[in-house]
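# Remarks on the overall topology
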Amino acid sequence: ESGIFDNAPRPPTRPGDVEHDAAPDLEALPGAGPGHWHGKLGLGPDGMPLVKPTPLPSNSDSDEFKRQAHMGQCYNAAKSDSMPLDRQAPDTRPEICKMRHRSYPKDLQRASVVIVFHNEVASILLRS
């Protein structure tokens, strides 16, 4: 035995529950794939963004603007709001991490992840 056990068995399904597989090609996320995990989330039927990015002001490189943009969030919330929700995300992991990822076992147990947000900027929530 591997020492891994299910200490949180899944409750029975309820009416209206929908089961989703965590593969990047979900029908729920059309267009999802490596480097583009959210697929076409945030795009309307015409392919245009439903939430338009907010352009950064001309003083966005100033220390004062950056200080204000980081207040309360500890990251540049204005920069986040200026990027499209549906954007290419580069894989910035070190090569050793990418190499280890390729050797992960494929038959892992299922897991659920709960991410708790409190007073979060909308653009961050929509990308999570």
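Calculation notes
Residues numbered from 1 in each chain as written. Predicted model: local features only at pLDDT ≥ 70, side-chain atom pairs only at ≥ 80, totals over all residues. Heavy atoms only, no water. Helix = DSSP H or I, 4+ residues; strand = E, 2+ residues; numbered from the N terminus. Buried < 20%, exposed > 50% of the residue type's maximum accessible area, 1.4 Å probe, protein only. Contact = heavy atoms within 4.5 Å. Areas by Shrake-Rupley, 256 points an atom, 1.4 Å probe, with all protein chains shown as cover. Salt bridge = Lys/Arg side-chain N within 4 Å of Asp/Glu carboxyl O. Lys, Arg positive; Asp, Glu negative; His and termini not counted. Patch = residues over 30% accessible without salt bridge, like charges linked within 9 Å, V, L, I, M, F, W, Y side chains within 5 Å. pLDDT = per-residue confidence, 0-100.

## Comments concerning the overall build of the protein
A tally of helices and strands in the protein yields four helices and zero strands. Secondary structure elements of the protein occur, N-terminal to C-terminal, as α-α-α-α. By residue count, 15% of the 128 residues in the protein fall in the buried class. Once local pairs closer than 6 in sequence are excluded, the contacts in the protein between residues at least 24 apart make up 55%. Put simply, the protein shows about 10900 Å² of open surface, and 59% of that area lies on carbon and sulfur atoms.

## Details of the pattern of salt bridges
Summed over all chains, the structure comprises three salt bridges. Of the charged contacts, one joins R67 and E64 as a salt bridge, the two residues approaching to 3.3 Å between their closest N and O atoms. With R67 and E64 both in helix α1 (residues 63-70) and three residues apart, this pair spans about one turn of that helix. Note on E64: relative accessible area 41%, which makes it partly exposed. We note a salt bridge from R93 to D91, for which the minimum N-O separation is 2.7 Å. Residue class for R93 comes out partly exposed when judged on its relative accessible area of 35%. Here D91 falls in the partly exposed class, since its relative accessible area comes to 42%.

## A closer look at the side chain of K98
Tracing the backbone shows K98 in helix α3 (residues 95-102). Of the side chains bearing the opposite charge, E95 lies closest to the buried K98, which forms no salt bridge; the N-O distance is 4.1 Å. Residues in contact with K98, not counting those within four places in the same chain, are D91 and R93.

## Thoughts on a nonpolar patch on the surface
Together, L50, V51, V113, I115, F117, L125 and L126 make up a nonpolar patch on the protein surface, roughly 660 Å² of accessible area in all. Here V51 is to be found in the segment before α1.

## Topic: the confidence of the model for the protein
Parts of the prediction with low pLDDT should not have their coordinates interpreted in detail. Across the protein, the average pLDDT comes to 76, with 73% of residues at 70 or higher. Looking over the protein, one finds the lowest element-wise mean pLDDT in helix α4 (residues 122-127), namely 79, and the highest in α3, namely 91. Across residues 22-26 the pLDDT falls below 50, and counting only partners more than four positions away or on other chains, this stretch makes five contacts in the model.

## A few points about the environment of D81
Following the sequence through the fold, D81 ends up in helix α2 (residues 77-82). In the structure, D81 is positioned 30 residues away from V51 in sequence and 9.7 Å away in space, judged by C-alpha atoms.

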